[in-house]
Amino acid sequence: MPASISYLPLALLIVTGYAALCAASPFGTCRKCKGWGSKVSTSRWAGRLKRGRECRRCRGYGQRIRIGRRVYNAVSRLRHEGTR
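Engineer: An account of the overall build of the protein chain is requested, with residue identities and associated values reported.
Structural biologist: If you tally the helices and strands in the protein chain, you get two helices and four strands. Each helix (α) and strand (β) of the protein chain, taken in turn from the N terminus, gives the series α-β-β-β-β-α. In terms of overall dimensions, the protein chain is more spread out than a globule: its C-alpha atoms have a radius of gyration of 20 Å, far above the 12 Å expected for 84 residues. Structurally, the protein chain occupies a C-alpha span of about 60 × 45 × 20 Å along its principal axes. Counting over 84 residues, the protein chain shows a buried share of 12%. For the protein chain, the exposed surface amounts to about 7700 Å²; the carbon and sulfur share of it is 59%.

Engineer: Before we move on, could you go through unusual backbone geometry and cite the residues and values that matter?
Structural biologist: The phi dihedral of Lys 34 falls on the positive side, at around 60°, and the residue is not glycine. Relative to the helices and strands, Lys 34 is located in the loop between strand S1 (27-29) and strand S2 (38-42). Since its relative accessible area comes to 65%, Lys 34 is described here as exposed. Positive phi is not limited to glycine here, since Arg 59 has a value of about 60°. Relative to the assigned elements, Arg 59 resides in the loop between strand S3 (49-54) and strand S4 (63-65).

Engineer: Quick one: what's the story with the layout of surface pockets, residue by residue and with numbers?
Structural biologist: Of the pockets and cavities examined, the largest pocket occupies roughly 280 Å³. Elements represented by at least two residues in the lining of the largest pocket include exactly S2 and S3. Per-element accounting of the lining of the largest pocket gives the leading share, three residues, to S2. Grouping the amino acids of the lining of the largest pocket by side-chain chemistry returns four nonpolar, one polar and seven charged. Within this model, the second largest pocket holds a volume of roughly 210 Å³. Together, Tyr 18, Gly 28, Thr 29, Cys 30, Arg 31, Arg 64, Ile 65, Arg 66, Ile 67 and Arg 70 line the second largest pocket. When its residues are assigned to classes, the lining of the second largest pocket shows four nonpolar, two polar and four charged.

Engineer: Quick one: what's the story with the side chain of Ser 38, residue by residue and with numbers?
Structural biologist: Within the secondary structure, Ser 38 is located in strand S2. The residues contacting Ser 38, other than those within four sequence positions of it, are Cys 33, Arg 51, Gly 52, Arg 53, Glu 54 and Cys 55.

Engineer: Got a sec to walk through a nonpolar patch on the surface? Specific residues and values, please.
Structural biologist: A contiguous nonpolar patch, built from Tyr 18, Leu 21, Ile 67, Val 71 and Val 75 and spanning about 460 Å² of accessible area, is present on the exposed surface. Among the elements that line the nonpolar patch, the one with the most residues is helix H2 (residues 67-82), at three residues. Checked against the element boundaries, Ile 67 lands in helix H2.

Calculation rules
Residues numbered from 1 in each chain as written. Predicted model: local features only at pLDDT ≥ 70, side-chain atom pairs only at ≥ 80, totals over all residues. Heavy atoms only, no water. Helix = DSSP H or I, 4+ residues; strand = E, 2+ residues; numbered from the N terminus. Rg over C-alpha atoms; globule rule 2.2 N^0.38 Å. Buried < 20%, exposed > 50% of the residue type's maximum accessible area, 1.4 Å probe, protein only. Areas by Shrake-Rupley, 256 points an atom, 1.4 Å probe, with all protein chains shown as cover. 1 Å grid on protein atoms, 1.4 Å probe; cavity = no way out; pocket = protein on both sides within 12 Å on 5 of 7 lines; lining within 4 Å. Points joined across faces, edges and corners; volume = space filled by probe spheres on them. Nonpolar A, V, L, I, M, F, W, Y, C, P; charged D, E, K, R; others polar. Contact = heavy atoms within 4.5 Å. Patch = residues over 30% accessible without salt bridge, like charges linked within 9 Å, V, L, I, M, F, W, Y side chains within 5 Å. Salt bridge = Lys/Arg side-chain N within 4 Å of Asp/Glu carboxyl O.

That is the geometry; function is a separate question.
Next up, the structure:
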């Protein structure tokens, strides 16, 4: 019992920090294309970077909405529709 109580402030700090991050910056870099917006490859001879197809997950923007912000938007929308 005492061990679980000692982790409570740490968990609360992590959750509060993530909520602040989602409020300050609701978009994060896409994990699939790493923020490039497309698949990047190198040319055979010159070794230069070439832009490939558009990333399907972020649709070429390179950023996706964070999970915490998505949850906040859903709860906010649910509350707004429920109090009309």
